[in-house]
Amino acid sequence: MTTKNPAIKMQPAFDFKSLIAVLGIAVLIGIFATIGTHHQPDTAYGWYSILPTVFVLAFALLTHRTVEALFSGAIVGLIMLNPTEVVGGVVDMSMSVMMDETIAWLILVCGLMGGLITILEKGGSILSFSEVLVTKVKSKRQSMLLTFVLGILVFIDDYLNAIAISSSMKRITDSYQISREKLAYLVDSTAAPVCILIPISTWAIFFGSLLEANNVAETGKGVQAYIEAIPYMAYGWVTLLVVFLVAMNKIPDLGQMKIAEQRAQAGQVQPDGGVDISIGEDVTAHPNSTMGVMNFALPMVVLVGASWYFDIDLLAGVFVAIIFTIFLYGVQRLMPVNSMFEAIYDGIKIMMLPLATVIGGFMLKNVNDQLGLTSYVIETVTPWMSPSLFPAIIFLVMTGLVFATASSWGLFAVAMPIVFPLGEQMGVPVALTIGALLSASAAGSHSCFFSDSTVLSAQGSGCTSMQHAITQFPYALIGIVATTLFFLFI
């Protein structure tokens, strides 16, 4: 009879899958390095420019790791640009991205928005608001319609919409066993698609300035040109119709959304891996329900009002709203001042993952710009264009580019100098071209799994960006197809 020696441990079986994965990555790196080594300076990369984006999409779909996929894709692009200076390229690109005004603005806005929502959460205001709404909502359909209506009312910025509406509606939709993925869809579909249709939003201000910078509109008349194009921003109109029909249960659950809803009906509304913004289980609602609602509504009103007062600047708005909320809660002694500051810090920490995702997206865009991705794609499809096909082709091409780069704003600074002269040469009305570009901006952002609005809607709703994107995609595809048909018809 033999006895086992406890000091002797069984060796794990050889992991062939890991070996194959490592070898595959090594081969890919070798291929990308070969492309970079043999590329002639001052010549276009051609179809090679799409490889980093293809790598990102494949990586993300296989692993469901969004941030890692984006940073890996950026490194792949740097290997293609200069395989001997990858480390220096990463450092230079990181510094360039982090010093970008848009990134700085986004980090501050998202961090402070997380801080404001956490103060409202810890102060019991969101709970008070939700409890009052729960008494008014009598069915699953009504809860979805309320989310839809609130999304339209908070039109000033898609970031505000994504974080505030999702945080305040979770408790209500949970009570009717609506999956967090569907909540994220309802919120996201009334974010960017609504913001492009309202001429007093951050989108209108930004794109109006781009139109002026590209001489599409006279100085001071950029927003006017934007307003004239609103009837042609078909994706926004179609998406609003689709999400309304989904809220009314007129469009059934499709694809992965059906699976998510079945899981929610079985009692698990939040998917595995989803994390809530909400922190602190000892939070209680205000004893006076009216005052509790006011403690939520007043900071939101101040946030919107201050943003509008400071030329639709959400950063100024959220800063004023935080100061106002600290004084409002301090007067009522709802929370100690130290606790409110701690809540701000906690909120900033909570937003680190979505911010890392967005920063990774900007790094990928930076690499794609250096590879000439946008110019290559537009130049490739130009021979296929005609005046009647131009709006539809531009919409599809730019939707694909926004989907691939998650840059619904920065991409158009590169594309506009190419697209508008081409449209003018073909005799396409300017308003129609603007409508196609803005529709593409909303469609690409809406369907991309690492765009800012997708990430923030998922974060606020308590699911991952991949879970949100996969369940939302069939509905986004309906909007893309319908918008394409619209541009072909018109």
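Treat the numbers as computed from the prediction; the structure is a model and nothing was measured.

Draft legend 1. Geometry of the overall build of the protein chain. Helix and strand content of the protein chain: 24 helices and zero strands. Looking at the protein chain as a whole, 51% of its 490 residues qualify as buried. For the protein chain, contacts bridging at least 24 residues in sequence account for 79% of all contacts bridging at least 6. Put simply, the protein chain shows about 21,900 Å² of open surface, and 67% of that area lies on carbon and sulfur atoms.

Draft legend 2. Spatial organisation of unusual backbone geometry. Non-glycine residue Gln-177 carries a positive phi angle of around 55°. With respect to the helices and strands, the residue Gln-177 is situated in the loop between helix H8 (158–175) and helix H9 (180–188).

Draft legend 3. Molecular detail of the side chain of Glu-261. You can see Glu-261 is positioned in helix H14 (residues 256–265). At a separation of 2.5 Å, a polar atom in the side chain of Glu-261 contacts the side chain of Ser-179. Dropping the residues within four chain positions of it, Glu-261 is found in contact with Lys-140, Gln-177, Ile-178, Ser-179, Lys-182 and Asp-253.

Draft legend 4. Representation of the packing of helix H23 (residues 452–461) against helix H24 (residues 465–489) in the model. Closest axis-to-axis distance for the H23/H24 pair is 8 Å, and the angle between their directions is 110°. On the basis of the axis angle, H23 is roughly perpendicular to H24. Facing H23, whose interface residues are Thr-454, Val-455, Ser-457 and Ala-458, H24 presents Ser-465, His-468, Ala-469 and Gln-472. Looking at the contact of H23 with H24, its residues break down into three nonpolar, five polar and no charged.

Draft legend 5. Structural detail: the packing of helix H22 (residues 430–447) against H24. In contact at an axis separation of 10 Å, H22 and H24 are set at 170° when each is read in the N-to-C sense. With respect to their mutual orientation, H22 and H24 come out roughly antiparallel. Seen from above, H22 lies across H24 with left-handed handedness. Contacts between H22 and H24 involve Leu-432, Gly-435, Ala-436, Ser-439, Ala-443, His-446 and Ser-447 from the former and Gln-472, Phe-473, Ala-476, Ile-480, Thr-483 and Phe-487 from the latter. When its residues are assigned to classes, the contact of H22 with H24 shows seven nonpolar, six polar and no charged.

Draft legend 6. Highlighting the packing of aromatic side chains. This structure, assessed with the given rule, holds seven aromatic pairs. Between the aromatic rings of Phe-55 and Phe-59, the centroid separation amounts to 6.0 Å while the plane-to-plane angle is 55°, which identifies the pairing as tilted. With a gap of four residues between them, Phe-55 and Phe-59 both fall in helix H2 (residues 51–63), about one helical turn apart. Residue class for Phe-55 comes out buried when judged on its relative accessible area of 19%. On the basis of an interplanar angle of 50° and a centroid distance of 5.7 Å, the ring pair of Phe-148 and Phe-244 is categorised as tilted. Placement of the pair is Phe-148 in helix H7 (residues 140–153) and Phe-244 in helix H13 (residues 234–247), with a sequence separation of 96 residues. For Phe-244, a relative accessible area of 33% puts it in the partly exposed group. By way of ring pairs, the aromatic residues Phe-395, Phe-486 and Phe-487 are connected into one cluster.

Draft legend 7. A nonpolar patch on the surface, seen in detail. Together, Trp-308, Tyr-309, Phe-310, Phe-319, Val-320, Ile-323 and Phe-327 make up an exposed nonpolar region whose accessible area comes to about 800 Å². Mapped onto the nonpolar patch, the elements with two or more residues apiece are helix H15 (289–309) and helix H16 (314–332). When residues of the nonpolar patch are assigned to their parent elements, the largest contribution, four residues, is made by H16. Topologically, Tyr-309 is positioned in helix H15.

Draft legend 8. Examining the confidence of the model for the protein chain more closely. Confidence along the protein chain averages 81 in pLDDT terms, with 90% of residues attaining 70 or more. For the protein chain, the element scoring lowest by mean pLDDT is helix H1 (residues 16–38), at 72; H14 scores highest, at 92.

Draft legend 9. Focus on helix H18 (residues 352–371). In a regular helix each residue adds 1.5 Å, so 20 residues correspond to 28 Å; H18 covers 29 Å between its end C-alpha atoms and thus fits that length. Counting buried positions along H18 yields 14 of 20 residues, so the element is predominantly enclosed. Positive backbone phi, at 80°, marks Gly-372, one or two positions downstream of H18.

So, how was this worked out
Residues numbered from 1 in each chain as written. Predicted model: local features only at pLDDT ≥ 70, side-chain atom pairs only at ≥ 80, totals over all residues. Heavy atoms only, no water. Helix = DSSP H or I, 4+ residues; strand = E, 2+ residues; numbered from the N terminus. Buried < 20%, exposed > 50% of the residue type's maximum accessible area, 1.4 Å probe, protein only. Contact = heavy atoms within 4.5 Å. Areas by Shrake-Rupley, 256 points an atom, 1.4 Å probe, with all protein chains shown as cover. Polar contact = N/O pair within 3.5 Å; in protein donor to acceptor, adjacent residues only side chain to side chain. Axes fitted to C-alpha atoms, helices over the stretch in contact; angles between N-to-C directions. Parallel < 35°, antiparallel > 145°, perpendicular 65-115°, else oblique. Nonpolar A, V, L, I, M, F, W, Y, C, P; charged D, E, K, R; others polar. Left-handed = near helix turned anticlockwise from the far one by under 90°. Phe/Tyr/Trp six-rings, centres within 6.5 Å; stacked < 30°, edge-to-face > 60°. Patch = residues over 30% accessible without salt bridge, like charges linked within 9 Å, V, L, I, M, F, W, Y side chains within 5 Å. Salt bridge = Lys/Arg side-chain N within 4 Å of Asp/Glu carboxyl O. pLDDT = per-residue confidence, 0-100. Expected span 1.5 Å × (residues − 1).

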